[in-house]
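Structural overview for review
For reference, the chains in residue letters:
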Amino acid sequence: MSTVFSNGSRSSKTFKPKKNIPEGSHQYELLKHAEATLGSGNLRMAVMLPEGEDLNEWVAVNTVDFFNQINMLYGTITDFCTEESCPVMSAGPKYEYHWADGTNIKKPIKCSAPKYIDYLMTWVQDQLDDETLFPSKIGVPFPKNFMSVAKTILKRLFRVYAHIYHQHFDPVIQLQEEAHLNTSFKHFIFFVQEFNLIDRRELAPLQELIEKLTSKDR
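All residue numbers refer to positions counted from 1 along the written sequence of the respective chain. Local features in this predicted model are restricted to residues whose pLDDT is 70 or higher, and side-chain atom pairs enter the listing and the counts only when it is 80 or higher, whereas totals over whole chains, interfaces and linings include all residues. Only hydrogens and water are removed before side-chain values are computed, so all heavy atoms of the structure are retained for them.

As a further point, take helix α7 (residues 178–194). Between the first and last C-alpha of α7 there are 24 Å, a value that for 17 residues agrees with the 24 Å anticipated at 1.5 Å per step. Residue Asn196 follows α7 closely and has a positive phi angle near 55°. Starting at the N terminus, helices and strands are each numbered in turn, a helix being any DSSP run of H or I of at least four residues and a strand any DSSP run of E of at least two. Here the expected span of a helix is defined as 1.5 Å times the quantity of residues minus one.

This next bit is on unusual backbone geometry. In this model, Gln176 sits at a positive phi of 60°, which is unusual for a non-glycine residue. Along the chain, Gln176 turns up in the loop between α6 (169–174) and α7. Buried residues are those whose accessible area, probed at 1.4 Å on protein chains only, stays under 20% of the maximum for their type, while exposed residues exceed 50% and partly exposed ones sit between those limits. Among the residues examined, Gln176 registers a relative accessible area of 73% and is labelled exposed.

Turning next to the UniProt feature "binding site: Zn(2+)" (unreviewed entry) in the chain. UniProt positions are given in the numbering used here, feature names are shortened, and annotations may be inferred rather than shown by experiment. Taking the UniProt record as the reference, the feature "binding site: Zn(2+)" (unreviewed entry) is found at Cys81, Cys86, His163 and His168. Sequence-wise these annotated residues cover 88 residues; spatially they are packed, their C-alpha atoms never more than 9.9 Å apart. Within the secondary structure, Cys81 sits in the loop between α3 (55–76) and β3 (89–90).

The axes used here are C-alpha line fits, helices contributing only the stretch in contact, and every angle between their N-to-C directions lies in the interval 0 to 180 degrees. With their axes 10 Å apart at the nearest point, α7 and helix α8 (residues 207–215) run at an angle of 90° to one another. The angle between α7 and α8 falls in the class roughly perpendicular. On α8, the residues that touch Asn182, Phe185, Lys186, Ile189, Phe190 and Gln193 of α7 are Leu209, Ile210, Leu213 and Thr214. The classification used treats Ala, Val, Leu, Ile, Met, Phe, Trp, Tyr, Cys and Pro as nonpolar, Asp, Glu, Lys and Arg as charged, and all other residues, Gly among them, as polar. By residue class, the composition of the contact of α7 with α8 is 6 nonpolar, 3 polar and 1 charged. Oblique is the label for every angle not falling under 35 degrees (roughly parallel), over 145 degrees (roughly antiparallel), or within 65 to 115 degrees (roughly perpendicular). Should any heavy atoms of two residues lie within 4.5 Å, those residues are counted as being in contact.

What follows is the structure, given as structure tokens:
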């Protein structure tokens, strides 16, 4: 597992390799559009489907972006998320997650948080790298099951946010990553709310925080 510290400063390493969208592609242009609208500071506006764009493509571009963001955020706290500190994957005392991917591991297994997140991020990476699921070439259609796969990816990525907030918020503050984490999570929540991508019950571990972060922007 890579760590992000070298001589006390943050390096550019992430937990998993960053997923790049090819420059010059339409999806790259969409990502640039997303970044530009995010810069305006209005997250509600930033997540809306740009006029004339395909919903699947917009969800795909943003899903890749959230993967990269969470990848980087989790990368900053891997030193604190260990087999000893986090023997189970949890989000507070009420919520525990067991891993299954339906192919390699069919029956949910109980495992430590670092192991679970490793399984999860590797699984997400495999989905994003699958050209039949996430086509990067213009004119290649998205499969019929794309939205259900994207929903599963986003539901699982939420669990990494939930684990960081519940179990590792103190180191996040120490590392002065709090504003970065809050902005990333707020962007994520506005996006999944805009397109109804995660069931409300799945968001329960961070419901209070979600209400606090989103109440000012209603």
